[in-house]
Amino acid sequence: MEKILIIDFGGQYNQLIARRVRECGVYCEVKPWTAPAAELKAMEPIGMIFTGGPDSVYLADAPKVDAEIFTWGVPILGICYGCQLMAHLLGGEVTPAQEDSAREYGKTVTYYNTSCELFQGLPQEGVSWMSHGDYMARVPEGFALAAHSDACPNVAIADEHRRFYGVQFHPEVNHTEYGTEMIRSFLYHICHAHGGWTMEDYKNTAIASLREKIGAGKVLLALSGGVDSSVAAALLAEAVGSQLTCVFVDHGLMRLKEGDEVEEAFSKWAMNFVRVDAENRFLLKLAGVSEPERKRKIIGEEFVRVFEEEAKKIGAVDYLAQGTIYPDVIESGTGAAAVIKSHHNVGGLPDCVEFKEIVEPLRMLFKDEVRQLGRELGLPEYLVSRQPFPGPGLAVRIIGDVTKEKADVLRLADFIFRDEVARYGEDQNLNQFFAVLTNTRSVGVMGDGRTYDYTLALRAVTTSDFMTASWARIPYDLLERVSTRIVNEVKGINRIVYDITSKPPATIEWE
């Protein structure tokens, strides 16, 4: 299968590059810059993309690839840091920008040389998204300038004989006009991709890979009932059938009635299903803990310990399977990428687990791709289109320490919010919405008496990939109905606020 390799140097937009390549119908895989050259070559890529990154290429400890890569005859597109790295390794000179005008950030009018293969068919002028403070003082021998801006003469460079291209802007982000067209040109005109990669291809490849890896071994799947773990369950069931046992750990931090709903949904499937009531042990571990990262790591470790205990009951379980997806990996930090927050199934895992290996068949998929895969596997739409729910559950929607009383308060308030949104028909317009119990108390008046109760925050966003998100403009009358019901029906809450922050700078979840 033809593939593009994306070499990850830790940039903030790197996951979008993979999305854009796949949207163009070409399969790609993301590899860290530390991957050995021999490993990359053995994958026989038809092209490579070097991503952006936070470092400066001229520093001694900056991430670099083996220069051998440039002798393979494989087309390369360098983006931002990737462009400067290619210039640096091939004999050019990259320096800190000496003048503020040479540093470019944000939307920038860019002028393209449309005789260059990368820009053929595009208008000669467009807006691109810049984010660089270094400058290519000298481009390598064999390279020509392919684009410029008012401040920078070498916005893009090209060695068309060797099929090496570099751009100092980010074609993968929506802010860059014609960015997808540039990526498509690289894939089809320069790398000569045939395209046609589909989620059906991914399904078939993944099933074959799982069968080869697992063999006759037994697999224990951490099933939460959410989209990711449900799709992982269906994929594994297709691959290894009765060798799979799905364990649903009810940690007492689920949404209202959710544990029963999960059990009912999966009781109809031909798979081994085990429900573990672990509320007391999780709440005991979390007692007095308020720091978000500690919560996530405690929950992550306790999940694994429960699975290890269940594995011993089943006997000779070789693999622990999880519904980890690519945004989880990105936010938890990988390679040179920054840690945003440790997802319980990635950065929250303990260093030592009693399994031969952890299997993550969705690790390179984005949320919308996971939903597509679920449909390919024949999962019901209500399960495939279900809203994301964090593995740590309500623990990361309760700011401060976690108690059963707080969880019960939030459970009911969150149910009312979701119920009213669905009644109004607004749920079709929102990609995720939920309530957060803050640790802020305020004075209120109820029944002519003074109250001093919790403030509840409501959060709703629209997004296509959950890597970026916009706060949703919920109708005021709906917010009023939600506020009135919660204050009247949920004891302990006397004030409601609505979160109007997008991602970035915020994350979708509060913790």
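Every chain is numbered independently, its residues counted from 1 as its sequence is written. Only residues with pLDDT of at least 70 are given local features in this predicted model, and only at 80 or more are side-chain atom pairs given and counted; all residues enter the totals for whole chains, interfaces and linings. In computing side-chain values, all of the structure's heavy atoms are included and hydrogens and water are not.

Caption draft 1: Structural view of the environment of Cys80. Helix numbers and strand numbers start at the N terminus; a helix is a DSSP run of H or I with at least 4 residues, a strand a run of E with at least 2. By secondary structure assignment, the location of Cys80 is in the loop between strand E4 (76-79) and helix H3 (81-89). Partly exposed residues are those whose accessible area sits between 20% and 50% of the maximum for their type, while under 20% is buried and over 50% is exposed, using a 1.4 Å probe and protein chains only. Its relative accessible area of 5% is what places Cys80 among the buried residues.

Caption draft 2: Spatial organisation of the nonpolar core. Membership of the largest hydrophobic core comes to 89 residues, with the highest contact counts inside it found for Leu221, Phe307, Leu362, Leu373, Leu456 and Ile486. Top contributing element to this core by residue count: helix H6 (residues 227-240), with nine residues. We call two residues contacting when some pair of their heavy atoms lies within 4.5 Å. Those residues within four positions of Phe307 in sequence are excluded, and the remaining contacts are Leu220, Ala222, Val247, Val249, Leu320 and Phe355. Core analysis: the second largest hydrophobic core is formed by 37 residues, Ile4, Val155, Ile190 and Ala193 among them. In these notes, a set of buried Ala, Val, Leu, Ile, Met, Phe, Trp, Tyr and Cys residues joined through side-chain atoms within 4.5 Å is what counts as a nonpolar core.

Caption draft 3: Inspection of the packing of helix H13 (residues 404-424) against helix H14 (residues 476-489) at higher detail. Axis separation between H13 and H14 bottoms out at 9 Å; the angle between their running directions is 150°. When the interaxial angle is binned, H13 and H14 end up roughly antiparallel. The hand of the H13/H14 crossing is right-handed. Residues Leu412, Ala413, Ile416, Phe417, Asp419, Glu420, Val421, Arg423 and Tyr424 of H13 pack against Asp477, Leu478, Arg481, Val482, Arg485, Ile486 and Glu489 of H14. Interaxial angles span 0 to 180 degrees and are taken between N-to-C directions of axes, which are lines fitted to C-alpha atoms, for helices over the stretch in contact. The cut-offs work like this: below 35 degrees is roughly parallel, past 145 is roughly antiparallel, 65 to 115 is roughly perpendicular, and the gaps in between are oblique. Whether a crossing is left-handed or right-handed is set by the direction in which the near helix is turned from the far one by less than a right angle, anticlockwise for left-handed and clockwise for right-handed.

Caption draft 4: Looking closely at empty space enclosed by the protein. Points on a 1 Å grid, built from protein atoms alone, make a cavity when a 1.4 Å probe fits but cannot get out and make a pocket when they are open with protein on both sides within 12 Å along at least 5 of 7 lines; residues with an atom within 4 Å of a point are the lining residues. Grid points are joined across faces, edges and corners, and a volume is the space filled by probe spheres set on the points. Within this structure, the stated rule accounts for two cavities of 30 Å³ or more. The computed volume of the second largest cavity comes to approximately 30 Å³. Any residue outside Ala, Val, Leu, Ile, Met, Phe, Trp, Tyr, Cys, Pro, Asp, Glu, Lys and Arg is labelled polar, Gly included; the first ten of those are nonpolar and the last four are charged. Considered class by class, the residues forming the lining of the second largest cavity number eight nonpolar, no polar and no charged.

Caption draft 5: Here's a closer look at H6. Given the number of residues in a helix, its expected span is that number minus one, multiplied by 1.5 Å. The terminal C-alpha atoms of H6, which comprises 14 residues, lie 20 Å apart, in line with the 20 Å expected from a rise of 1.5 Å per residue. Most of H6 is tucked away, with twelve of its 14 residues classed as buried. Along H6, the positions that sit buried rather than exposed are Val227, Asp228, Ser229, Ser230, Val231, Ala232, Ala233, Ala234, Leu235, Leu236, Ala239 and Val240.

Caption draft 6: Focus on the sheet that holds strand E16 (residues 357-359). Pairing between two strands requires that DSSP report at least two bridges joining them. Pairing is parallel across the open sheet formed by five strands, whose spatial order is E14-E13-E12-E15-E16. One side of each edge strand has no neighbouring strand; the edge strands of this open sheet are strand E14 (272-277) and E16. Neighbouring strand axes in the sheet, compared pairwise and without regard to direction, differ in orientation by 25° on average. The sheet contact formed by strand E13 (residues 244-250) and E14 spans six bridges and is parallel. What sits directly across from Phe248, in E14, is Arg275. Lying on the sheet, H6 is in contact with strand E12 (219-222), E13 and strand E15 (319-321); it crosses E12 at an angle near 165°.

Caption draft 7: Just the state of the cysteines, in detail. Two cysteine sulfur atoms form a disulfide, by the criterion used here, when they sit within 2.5 Å. Tallied over the entire structure, the rule returns zero disulfides. For Cys28, which is in no disulfide, the shortest distance to another cysteine sulfur is to Cys24 and amounts to 10.0 Å.

Caption draft 8: The pattern of salt bridges, seen in detail. Should a side-chain nitrogen of Lys or Arg be within 4 Å of a carboxyl oxygen of Asp or Glu, the pair is scored as a salt bridge. Per the counting criterion, the structure on display carries 34 salt bridges. In this structure, Lys213 and Glu357 form a salt bridge, with 2.7 Å as the shortest nitrogen-oxygen distance. Separated by 144 residues along the polypeptide, Lys213 in helix H5 (residues 199-214) and Glu357 in strand E16 bring together distant segments of the chain. A relative accessible area of 33% means that Glu357 is categorised as partly exposed.

Caption draft 9: Just the side chain of Asp159, in detail. Looking at where Asp159 falls in the secondary structure, it is placed in strand E10 (residues 156-159). At a separation of 2.8 Å, a polar atom in the side chain of Asp159 contacts the side chain of Arg162. Apart from residues no more than four positions distant in its own chain, Asp159 is found in contact with Glu141, Gly142, Phe143 and Phe164. Nitrogen and oxygen atoms within 3.5 Å of one another constitute a polar contact, given that in protein one can donate a hydrogen and the other can accept it, and given that sequence-neighbouring residues count only through two side-chain atoms.

Caption draft 10: Representation of the confidence of the model for the chain. Every residue gets a pLDDT, meaning the predictor's confidence in that residue, from 0 to 100. Put simply, the chain has an average pLDDT of 88, and 92% of its residues get 70 or more. Of all helices and strands in the chain, the one with the weakest mean pLDDT is helix H10 (residues 326-332) (65), whereas strand E3 (residues 47-50) scores best (98). For the stretch residues 334-350, pLDDT sits under 50, and the model shows 61 contacts to residues farther than four places along the chain or on other chains.

Caption draft 11: Seen up close, the packing of H6 against helix H11 (residues 367-376). In contact at an axis separation of 10 Å, H6 and H11 are set at 40° when each is read in the N-to-C sense. Overall, the two elements H6 and H11 adopt an arrangement that is oblique. The hand of the H6/H11 crossing is left-handed. For the pair H6 and H11, contact is made by Val227, Asp228, Val231 and Leu235 and by Lys367, Val370, Arg371, Leu373 and Gly374, respectively.

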